[in-house]
Amino acid sequence: MIAASLKNATRTYGAGATAVSALHEASVDIVANRFTVLRGPSGSGKTTMLNLFGGIDRATSGKVAVAGQELETLRGRALSDFRARHIGFVFQSFNLIPVLSAYENVEYPLTLLAGSKAKRRDEILALLDAVGVARHARRLPGELSGGQQQRVAIARALITRPVLVLADEPTANLDSETGAQIIGLMRRMQRERATSFVFSSHDPQLVASADDVVDIRDGRIVSVKRVAPSEVLQ
Ligand code: ADP
Ligand code: MG
């Protein structure tokens, strides 16, 4: 199964002589239930590609699909609903809401969807436990370390059971030991929750743990290496 795909996706900023192609005619399939890394130097187009998959930005031309849905056909409320239901986000700087507790941060995406509050509570507590911060449920982000904040952010990304989790350099603001723990956690959560993770990184530890590695240079995909075997590809 394919979790997400780009077909000849181009994203150009500006126009005329000063136009920059952040992404140029990129085509790739993100295989479902795998751990995929976008690798490339700074400015190569990694964030641009993640923003297209996340429906945060639109391709200038070409197609972007997530779970079989072409994102360019969705607008406004339909796009934000699709995103809330099917896509989770993890950021380099964690981006937790500072005035909400760890518990409330994880609850937040669910408030956009229907569902009973009691059932939610059990799921939130179970997930905080699974990512190793159950004891900090009542703390504010400012009372947590960077690694703990990223654990909460991972729980927030997973609470809606998304088909796709997008993470833009998720270990870039962490020391290497904490980064390694966060990678291990994401890897475990990807398997346990049977979801698809796509990261951008140049962290060799993260790249080494990937199933698939997409190499990007100057806005172009230069190779897609399927490191781990997959039934889908045979
Ligand atoms: P990466 O995440 O790999 O560092 P980006 O996707 O952020 O790369 O950027 C790819 C290219 O697009 C870079 O040359 C960058 O300067 C350019 N770019 C990104 N966002 C914008 C923007 N909003 N306006 C103009 N150029 C941009
Ligand atoms: Mg970037």
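It should be noted that the structure appears before, not after, this text.
Being a predicted model, the structure only gives us computed values, none of them experimental. (Residues numbered from 1 in each chain as written. Chains lettered and ligands numbered in written order. Predicted model: local features only at pLDDT ≥ 70, side-chain atom pairs only at ≥ 80, totals over all residues. Heavy atoms only, no water.)

(A) How the structure looks around the sheet that holds strand β1 (residues 2–13). The four strands lie next to each other as β2-β1-β4-β5, forming an open sheet whose pairing is antiparallel. At either end of the open sheet lies a strand with only one pairing partner, and these are β2 (20–31) and β5 (69–70). Here β1 runs beside strand β4 (residues 61–66); their pairing, made up of five bridges, is antiparallel. Residue pairing across strands places K7 opposite K63, the latter belonging to β4. (Pairing = 2+ DSSP bridges. Helix = DSSP H or I, 4+ residues; strand = E, 2+ residues; numbered from the N terminus.)

(B) The arrangement of the pattern of salt bridges in detail. A full pass over the atoms with the stated rule returns eleven salt bridges. Among the ionic pairs, R188 bridges to E192, the shortest N-O distance being 3.3 Å. In this pair, R188 and E192 are both assigned in helix α6 (residues 176–192), four residues apart and thus about one turn of the helix distant. Under the relative-accessibility criterion, E192 is labelled exposed at 53%. Residue K225 is joined to D215 by a salt bridge in which the shortest nitrogen-to-oxygen separation is 2.8 Å. Of this pair, K225 sits in strand β10 (residues 220–226) while D215 sits in strand β9 (residues 212–217); the two residues are ten residues apart in sequence, bridging distant segments of the chain. Using a relative accessible area of 39% as the deciding quantity, one classes K225 as partly exposed. (Salt bridge = Lys/Arg side-chain N within 4 Å of Asp/Glu carboxyl O. Buried < 20%, exposed > 50% of the residue type's maximum accessible area, 1.4 Å probe, protein only.)

(C) Region of the structure containing the sheet that holds strand β8 (residues 196–200). The strand order β6-β7-β8-β3-β9-β10 describes an open sheet built from six strands, whose pairing is mixed. The open sheet has two free edges, formed respectively by β6 (87–90) and β10, since each of these has just one partner strand. Each adjacent strand pair in this sheet contributes to an overall mean axis angle of 15°, direction not counted. Pairing analysis gives four bridges linking β6 to strand β7 (residues 164–168), with the strands arranged parallel. Within β7, the position partnered with I87 by the bridge is L164. Set on the sheet, helix α1 (residues 46–53) makes contact with β3 (35–39), β6, β7, β8, β9 and β10; between it and β7 the angle comes to about 155°. In this fold α6 packs onto β3 and β8, with an angle of close to 135° to the strand it touches most, β3. (Axes fitted to C-alpha atoms, helices over the stretch in contact; angles between N-to-C directions. Contact = heavy atoms within 4.5 Å.)

(D) Just the site of ligand 1, in detail. For ligand 1, the full set of nearby residues is Y13, A22, P41, S42, G43, S44, G45, K46, T47 and T48. Interatomic distance of 2.8 Å between a side-chain N/O atom of K46 and an oxygen atom of ligand 1. Separating an oxygen atom of ligand 1 from a side-chain N or O atom of T48 is a distance of 2.6 Å. Against a free-state accessible area of 560 Å², the protein chains account for coverage of 59% of ligand 1. (Near = heavy atom within 4 Å. Polar contact = N/O pair within 3.5 Å; in protein donor to acceptor, adjacent residues only side chain to side chain. Areas by Shrake-Rupley, 256 points an atom, 1.4 Å probe, with all protein chains shown as cover.)

(E) Representation of the pairing of β2. Bridge count between β1 and β2: eight bridges; the pairing is antiparallel. Residue pairing across strands places A4 opposite I30, the latter belonging to β2. Where β1 hands over to β2, the hairpin turn is made up of six residues, of which G14 adopts a positive phi near 75°.

(F) Inspection of helix α4 (residues 117–130) at higher detail. In a regular helix each residue adds 1.5 Å, so 14 residues correspond to 20 Å; α4 covers 20 Å between its end C-alpha atoms and thus fits that length. Restricting attention to buried positions, one finds in α4 the residues R120, I124, L127 and L128. Viewed along the axis of α4, the buried residues span an arc of 100°, placing them on a single side of the element. Turned more than 90 degrees from where α4 packs its buried face, A118, K119, D122 and D129 sit exposed. Where α4 terminates, the next one or two residues include G132, which has phi positive at roughly 85°. (Expected span 1.5 Å × (residues − 1). Arc of directions from axis to C-beta.)

Taken by themselves, the reported measurements are silent on function.
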